[in-house]
Amino acid sequence: MSTLTTPHIDIHRGGDRMKTRVSWLDSKHSFSFGEHYDPDNTHHGLLLVNNEDIVLPGEGFETHPHRDMEIVTWVLSGSLVHQDSLGHNGVIYPGLAQRMSAGTGILHSEKNDSWRISNTPEHQEPVHFVQMWVVPDDSGLTPGYQQLEIDDELAGGGLITVASGLPRYRDRAAIAIASSHSALHVAQLPGEGAEIRLPEAPYLHVFLARGEVELEGAGTLYEGDAVRMARSGGQRVLANMPSEILVWEMHARLGGQ
């Protein structure tokens, strides 16, 4: 268990999340987002957005702006086409780490273009992904984009550092983010009995994207559940079935250390 003092564990069940549902989109928000505002639920640590989205084929988010945010997109199934004002144009799919730094300002669109990619109706499917926003160290940075496939690393079943600005992970993170106090780790636990151990940090956000696990000190977590932890870490996470877990490790919070 953690050697940090006075740990705090706050469980947020998936069914309690704020929701946006239209004909082409099913979106669940872990924090205040868009028209959904709760002054008591705006962020945890440096994490401001943890949206779980399902977008139907041929649909998606039209071109829209962002600025001064590090945006990490993690696809669980299907494929998402990204285009931005820097000229990047690519497909994000499971096992591909992707980061967009909005900086001074960037325009981008995200669409489920599986019908164009496959050219066959039978291969059209919804795209299911999690998009996460963390605060960068500084405002006014130069916008940027980075991606890297990490399927082989994930196959090992351990906690893999997907995106990081923390110096300790500089040599092993798949992609870099301009937040020197934050790192995103992902584990794909292959089945019952597989386990990982959480890192120790002042702030952790644990999101169960798929499956069912037992979190030491918190009990059973089901798909869509999230745990916000402070002054904690070191707990074991044990899978009850094939599961996928996203862990933000943060050593600062919005507004100060």
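Within every chain, residues take consecutive numbers counted from 1 along the sequence as written. Given that this is a predicted model, residues contribute local features only at a pLDDT of at least 70 and side-chain atom pairs are listed and counted only at 80 or more, while totals for whole chains, interfaces and linings are drawn from all residues. Hydrogens and water molecules were not included; the side-chain quantities draw on all heavy atoms of the structure.

Focus on a negative patch on the surface
Here is step 1 of the chain: Residues enter a patch when their relative accessible area is above 30% and they make no salt bridge; the linking distance is 9 Å between like charges and 5 Å between nonpolar side chains (Val, Leu, Ile, Met, Phe, Trp, Tyr). Per-residue and other accessible areas were derived by the Shrake-Rupley procedure at a 1.4 Å probe size, with only the shown protein chains allowed to occlude residues. Take a side-chain nitrogen of Lys or Arg and a carboxyl oxygen of Asp or Glu: if they are within 4 Å of each other, that pair is a salt bridge. Charged residues are defined here as Lys and Arg on the positive side and Asp and Glu on the negative side; His and the ends of the chain fall outside this count. Here the site of a charge means atom NZ of a Lys, CZ of an Arg, CG of an Asp or CD of a Glu. There is a patch of like negative charges on the surface, built from E149, D151, D152 and E153.
Here is step 2 of the chain: Elements are defined by DSSP. Helices are runs of H or I of four residues or more, strands are runs of E of two residues or more, and each kind is numbered from the N terminus. Ranked by residues supplied to the negative patch, first place goes to helix α2 (residues 151-154) with 3 residues.
Here is step 3 of the chain: Tracing the chain through its elements places D151 in helix α2.
Here is step 4 of the chain: According to the relative accessible area criterion, D151 is partly exposed, its value standing at 36%. Only protein chains enter the accessibility calculation, which uses a 1.4 Å probe; a residue whose area is less than 20% of its type maximum is buried, one above 50% is exposed, and one in between is partly exposed.

Some words on the sheet that holds strand β15 (residues 182-189)
Here is step 1 of the chain: Strands are labelled as partners when DSSP assigns at least two bridges between them. Sheet architecture is open: 7 strands sit in the order β1-β20-β17-β22-β15-β13-β14, paired in mixed fashion. The sheet is open, and its two borders are formed by β1 (8-12) and β14 (175-176), each paired with just one other strand.
Here is step 2 of the chain: In terms of strand pairing, β15 meets strand β22 (residues 243-250) through 8 bridges, oriented antiparallel. What sits directly across from Q188, in β22, is E244.

Considering the sheet that holds strand β7 (residues 80-84)
Here is step 1 of the chain: Taken together, 4 strands build an open sheet; the order of strands is β5-β10-β7-β8 and the sheet is antiparallel. Looking at which strands have only one partner, the edges of the open sheet turn out to be β5 (60-66) and β8 (89-92). Sheet twist, expressed as the average angle between the axes of neighbouring strands with direction ignored, equals 20°.
Here is step 2 of the chain: Sheet topology note: the β7/β8 ladder contains 4 bridges and is antiparallel. What sits directly across from H82, in β8, is G90. Lines fitted to C-alpha atoms define the axes here, with helix axes fitted over just the stretch in contact, and angles between the N-to-C directions of these axes take values from 0 to 180 degrees.

With respect to the environment of H251
Here is step 1 of the chain: Checked against the element boundaries, H251 lands in the segment after β22.
Here is step 2 of the chain: C-alpha separation for the pair H251 and T20, spaced 231 residues apart in sequence, amounts to 31 Å.
Here is step 3 of the chain: In protein, a polar contact means a hydrogen-donor-capable atom and an acceptor-capable atom, both N or O and within 3.5 Å, with residues adjacent in sequence counting only if both atoms are side-chain atoms; elsewhere, any N or O pair within 3.5 Å suffices. Within the structure, the side chain of H251 is placed 2.8 Å from the side chain of E249, a separation counted as a polar contact.

Re the packing of aromatic side chains
Here is step 1 of the chain: Stacked, edge-to-face and tilted labels apply to pairs of Phe, Tyr and Trp rings (six-membered ring for Trp) whose centres lie within 6.5 Å, assigned for plane angles under 30 degrees, over 60, and everything in between, in that order. All chains considered together, the criterion is met by 2 aromatic pairs.
Here is step 2 of the chain: Taken together, a centroid distance of 5.3 Å and an interplanar angle of 80° make the contact between W24 and F61 edge-to-face. With W24 in the loop between β2 (18-21) and β3 (25-29) and F61 in strand β5, this residue pair connects regions lying 37 residues apart in the sequence.
Here is step 3 of the chain: Residue W24 is classed as partly exposed on the basis of its relative accessible area of 21%.

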